[in-house]
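Each chain, letter by letter, is given below.
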Amino acid sequence: MNRLWEQLFCIDRECRRLEKAAAVLQWDQETNLPPGGIEERAEQIALLQSIWHRKFTDGETGRLLDRAEAEDASPLERDFCRVLRRNYDRAVKLPGELVRDAARAEGLSQAAWVEARRNNDFASFAPHLKAMIGFARAKAGCWGFEGPRTYDGLLDVYEPGLTAGETEALFTPLREGLTGLLQKIGRASPPEDAFLEWNYPVEDQVRFNRELMEGLGFDTRRGRLDTSAHPFTTSLGFDDIRITTRYDPNQVLSGIFSTIHESGHAFYELGFAPELRGTCLAEGASMAIHESQSRLWENVIGRSRPFWEFWLPRLKARFPGRLSETGPEAFYRAVNRVRPSLIRVEADEVTYALHIILRFELEKRLFAGTLQVEELPGAWRGLMREFFGLEPPTDADGVLQDVHWSMGSFGYFPSYALGNLYSLQFWGKLRRDLPEAETRIREGKFETIRQWLRENIYSRGCRPEPAELLRTVTGEKLSVAPFLEYIKDKYTELYGL
Ligand code: ZN
């Protein structure tokens, strides 16, 4: 490798080390930090981010990139250049002051959100939310997305190239399909699921979740499981992927499905090809592709019949005396019970995307300037009535339930629903390539499935753009049809519709 490439890889590697150091501080904030440490922690993270920003955008990166782009390069070097250029252009267009101020405000805003949710006090959070919207608008403007295109610029951060219009074109038929199915399900009789709300001691849940994560194939020499209020996955290095879950003694599924979901994210991060190590290519292809992997494990695999044929006896063994009357069929039906609810993270497969479409609608209006922050709680309640026929009794169960807006992550929510769409397109191809997949799940053997995912998706990191990855793996364009077909087939059978 000549000196030019060496220098470019070195800048990228050192910048990523700074990012990972900030990620350690963030991980600690979510899992261990005493409340008194929050303000100082926000300063520490903001300082690291501003050092990263200064180092990455000091002019050297741009000069080297210009030269490298003019050279003959290997396919890996070309992809590296393309991704580094995108990251560089994003960073260099933001003034250092904006990066520092936004990072500091984010830490405080997140702390204010925690308090506001606890006290059901939207008014105390509103000024922080306004500030976050202001920073997001300013950043989109720096990237060249102004006026009616502001929200496109925010979506582009998470799903490169996808616009609000294209997202809407997918979400409209998705909403129609799901709403129609939900109405039919509402008239059918629901499965028995009271046994899921019995008391399951947290210590035993911790043991079961560890067994589950290792049973799926999580290599605990390269990662770990901890507890946090809001489950997440973070990469602290190529061989250090952390996931978190949460435990509620009366909601045994909450921890289980969080652990499976986050394990799916972790498998992606742990499956990058060794040659991507330490480079900007060791990232998921997009947020929605990342979500497609967590959702594939959580829903398509984790909420399937064969999955519980294997795992139910193990769950029973961890909680002796409980579930002794419950067979795999009854358990399968219970874990797939459809129930319109107030809370996104507890939603079933049929209603989940509707929660996302609701947030997408509100974000569009906020950035179009047709909805003010003060009107947000009312608008939320209105859409909840329209989508689910429910009204949250408090803002804590409504507009304050999610962490994303407090961190300035606008345009992120659509990734979850888009992830569902991608996941079924990938799964369709996996099933054609591995007709034995269902049998392997029933045997509790996940290696061949992980191997297929590693070869086709994980190992490539963000070398392909999302649309290109989907096309090369499945030959298809992003579509709602496979997801809707899966949902309709599964729930028509489950509810005898
Ligand atoms: Zn996720």
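(A) Examining the overall build of the protein more closely. Of regular secondary structure, the protein possesses 20 helices and three strands. A compact globule built from 497 residues should have a C-alpha radius of gyration of about 23 Å, and the protein, at 23 Å, falls within 12% of that. Relative to its full complement of 497 residues, the protein shows a buried share of 55%. Counting contacts in the protein only where the partners sit at least 6 residues apart, residues at least 24 apart contribute 74% of the total. With an accessible surface of roughly 20,800 Å², the protein has 50% of that area assigned to carbon and sulfur atoms.

(B) Structural context of the coordination of the zinc ion. Surrounding the zinc ion are the protein donor atoms His 261 (NE2), His 265 (NE2) and Glu 291 (OE), which sit 2.1 Å from the metal. All donor residues of the zinc ion come from one chain, and their arrangement in sequence is H-x3-H-x25-E. Of this pair, His 265 sits in helix α10 (residues 252-270) while Glu 291 sits in helix α11 (residues 287-301); the two residues are 26 residues apart in sequence, bridging distant segments of the chain.

(C) How the structure looks around the packing of aromatic side chains. For the structure on display, the rule yields 32 aromatic pairs. Ring geometry for Phe 257 and Trp 308: centres 6.3 Å apart, planes at 70 degrees, overall edge-to-face. Placement of the pair is Phe 257 in helix α10 and Trp 308 in helix α12 (residues 305-318), with a sequence separation of 51 residues. What makes Phe 257 buried here is its relative accessible area of 4%. On the accessibility criterion, Trp 308 (0% relative accessible area) is buried. Ring plane angle 50 degrees and centroid distance 6.2 Å describe the contact between Phe 307 and Phe 446, whose orientation is recorded as tilted. One end of the pair, Phe 307, is in helix α12; the other, Phe 446, is in the loop between α17 (437-442) and α18 (447-456), and 139 residues separate them in sequence. By the burial criterion, Phe 307 is buried, and Phe 446 matches it. The ring of Tyr 352 has Arg 295 lying over it, and the distance from NZ or CZ to the ring centre is 4.4 Å. Note that Arg 450 overlies the ring of Phe 267, its terminal NZ or CZ placed 5.7 Å from the centroid.

(D) Expanded view of the sheet that holds strand β1 (residues 223-227). Read from one edge of the open sheet, three strands run β1-β3-β2, paired in mixed fashion. Each edge of the open sheet is held by one strand with a lone partner, namely β1 and β2 (233-237). For this sheet the average axis-to-axis angle between neighbouring strands, irrespective of direction, equals 25 degrees. The pairing of β2 with strand β3 (residues 240-245) spans four bridges and is classified as antiparallel. Note on β3: the bridge partner recorded for Gly 237 is Asp 240. Packed onto the sheet, helix α1 (residues 3-31) meets β1, β2 and β3 and runs at close to 140 degrees relative to β2.

(E) Spotlight on the nonpolar core. Counting 160 residues, the largest nonpolar core has Leu 174, Trp 297, Phe 307, Trp 308 and Phe 331 as the members making the most contacts within it. The element contributing the most residues to this core is helix α14 (residues 349-368), with 11 residues. For this core, the two domains that each supply at least three residues are domain 1 (3-144) and domain 2 (164-495). Apart from the residues lying within four places of it in its own chain, the contact partners of Trp 308 are Ile 256, Phe 257, Gly 302, Arg 303, Pro 313, Leu 315, Pro 328, Phe 331 and Val 335.

(F) Representation of the domain arrangement of the protein within the structure. As far as domains go, the protein holds domain 1 (3-144) and domain 2 (164-495). Each of domain 1 and domain 2 has a C-alpha centre, and these two points are 26 Å apart. Interface of domain 1 and domain 2: buried area, both sides summed, is about 3,400 Å²; carbon and sulfur atoms make up 63% of it. Considering only the surface of domain 1 that becomes buried against domain 2, Trp 27, Trp 113 and Phe 122 emerge as the three largest contributors, covering 20% of it.

(G) Structural view of the pattern of salt bridges. Inspection of every chain in the model, using the stated rule, returns 48 salt bridges. Between Glu 386 and Arg 175 there is a salt bridge whose closest N-O contact spans 3.0 Å. With a gap of 211 residues between them, Glu 386 in helix α15 (residues 376-388) and Arg 175 in helix α8 (residues 164-187) connect regions that are remote in the sequence. With relative accessibility at 52%, the residue Glu 386 sits in the exposed group. The residue Glu 391 makes a salt bridge to Arg 381 at a minimum N-O spacing of 3.9 Å. One end of the pair, Glu 391, is in the loop between α15 and α16 (414-433); the other, Arg 381, is in helix α15, and 10 residues separate them in sequence. Taking the relative accessible area as the measure of exposure, Glu 391 reaches 42% and is therefore partly exposed. The network of salt bridges with shared partners includes Asp 79, Arg 82, Arg 86, Arg 463 and Glu 465.

(H) Seen up close, the environment of Leu 478. Summarising the element assignment, Leu 478 is placed in the loop between α19 (466-474) and α20 (481-495). Of the residues examined, Leu 478 reaches a relative accessible area of 22% and is grouped as partly exposed. In sequence terms Leu 478 and Leu 421 are 57 residues apart; their C-alpha atoms lie 7.2 Å from each other.

Cut-off values and rules
- All residue numbers refer to position in the chain's written sequence, counted from 1.
- Totals for whole chains, interfaces and linings use all residues, but because this is a predicted model, local features are given only for residues with pLDDT of at least 70 and pairs of side-chain atoms are given and counted only at 80 or more.
- Side-chain numbers come from the whole structure's heavy atoms, not from hydrogens or water.
- Every helix listed is a DSSP run of H or I at least four residues long, and every strand listed is a run of E at least two residues long, numbered separately from the N terminus.
- Here the globule rule is a power law, 2.2 Å times the number of residues to the power 0.38, and the radius of gyration is based on C-alpha atoms.
- The classification of residues rests on relative accessible area computed with a 1.4 Å probe and restricted to protein chains. Under 20% of the type maximum is buried, over 50% is exposed, and intermediate values are partly exposed.
- By definition, residues are in contact when any of their heavy atoms lie within 4.5 Å.
- Note that accessible areas follow from Shrake-Rupley with a 1.4 Å probe, and for residues the cover is restricted to the protein chains shown.
- Only N, O and S atoms count as donors, using a 2.8 Å limit from the metal and a wider 3.2 Å limit for Na, K and Ca, and since water is excluded some coordination spheres may look unfilled.
- Centres within 6.5 Å make a pair out of two Phe, Tyr or Trp rings, where for Trp the six-membered ring is used; the pair is then stacked when the planes are under 30 degrees apart, edge-to-face when over 60, and tilted otherwise.
- A ring is considered to have a charge above it if a Lys NZ or an Arg CZ atom is located within 6 Å of its centre and within 35 degrees of its normal.
- Being paired, for any two strands, means DSSP has found at least two bridges between them.
- Lines fitted to the C-alpha atoms define the axes, with helices restricted to the stretch that makes contact. Angles between their N-to-C directions range from 0 to 180 degrees.
- Joining through side-chain atoms within 4.5 Å is the link that ties buried Ala, Val, Leu, Ile, Met, Phe, Trp, Tyr and Cys residues into a set, and such a set is a nonpolar core.
- The split into domains, and so the bounds of each, comes from an automatic or database assignment of domains.
- Once two parts are put together, the accessible area they lose, assessed with a 1.4 Å probe and summed over both, is termed the buried area.
- Salt bridge, as used here, is a side-chain nitrogen of Lys or Arg placed within 4 Å of a carboxyl oxygen of Asp or Glu.

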